[in-house]
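Reading the structure
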Amino acid sequence: MVYKKITITAIIIAIMAALISNFTFAATDITANDKIIDSTLNILIFIQKYSWPVVTLIFIYALYQFYVAGAEILESKILGQRLIVGIAIFMVIIQCLPLFYAFVTVK
């Protein structure tokens, strides 16, 4: 795989961001005395937590495209590689959004 280092780095950063976010937001209730800020942060945390099962299924499909279907058709291998890298980068973004939002809104 051409983008192996980028993919592995992105997956490691996504896992670390998920762990840091779970420790950060699990300690106390999130209250900023503003309904919009609180609800936005709760939505971002919800998306962060429940994106893992969906992304796992898409990642399995991407691995199938890359290894199984890509063994016979080059186009499937390229599509699978793009999906794998895209999913890894997407997960980094999804996992870091609640932390970034919390740091931006802290006064």
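Going by the structure above, here's the rest.
Values in this document were obtained by computation on a predicted structure and should not be read as measured data. (Residues numbered from 1 in each chain as written. Predicted model: local features only at pLDDT ≥ 70, side-chain atom pairs only at ≥ 80, totals over all residues. Heavy atoms only, no water.)

Taken together, Met1, Tyr61, Tyr64, Tyr67, Val68 and Leu79 make up a surface patch of nonpolar side chains, about 620 Å² in accessible area. Residue contributions to the nonpolar patch peak at 4 residues, all from helix α2 (residues 35-68). Here Val68 lies in helix α2. Exposure remark for Val68: the relative accessible area of 48% places this residue in the partly exposed category. (Patch = residues over 30% accessible without salt bridge, like charges linked within 9 Å, V, L, I, M, F, W, Y side chains within 5 Å. Areas by Shrake-Rupley, 256 points an atom, 1.4 Å probe, with all protein chains shown as cover. Salt bridge = Lys/Arg side-chain N within 4 Å of Asp/Glu carboxyl O. Helix = DSSP H or I, 4+ residues; strand = E, 2+ residues; numbered from the N terminus. Buried < 20%, exposed > 50% of the residue type's maximum accessible area, 1.4 Å probe, protein only.)

With that settled, consider the side chain of Gln65. Inspection of the secondary structure assignment puts Gln65 in helix α2. A polar contact of 2.7 Å, which involves the side chain of Gln65, links it to the side chain of Tyr61. If we ignore the near neighbours within four places in the chain, the residues touching Gln65 are Gly70, Ser76, Lys77, Leu79 and Gly80. (Polar contact = N/O pair within 3.5 Å; in protein donor to acceptor, adjacent residues only side chain to side chain. Contact = heavy atoms within 4.5 Å.)

Further remarks concern the environment of Ala14. Structurally, Ala14 is set in helix α1 (residues 4-26). A C-alpha to C-alpha distance of 18 Å links Ala14 and Ala62, two positions 48 residues apart in sequence. The contacts of Ala14, once residues within four sequence positions are left out, are Trp52, Met91, Val92 and Gln95.

Okay, the nonpolar core next. Counting 10 residues, the largest nonpolar core consists of Ala10, Ala14, Val55, Ala62, Phe66, Ile84, Ile87, Ala88, Met91 and Val92. Sorting the residues of this core by element identifies α1, α2 and α3 (74-105) as the ones contributing at least two each. Per-element tally for this core: the top contributor is α3, with 5 residues. Those residues in contact with Ala88 that sit more than four places away from it in its chain are Thr7, Ala10 and Ile11. Counting residues in hydrophobic clusters, the runner-up holds 5 residues, among them Phe25, Leu41, Leu99 and Ala102. (Core = buried A, V, L, I, M, F, W, Y, C linked by side-chain atoms within 4.5 Å.)

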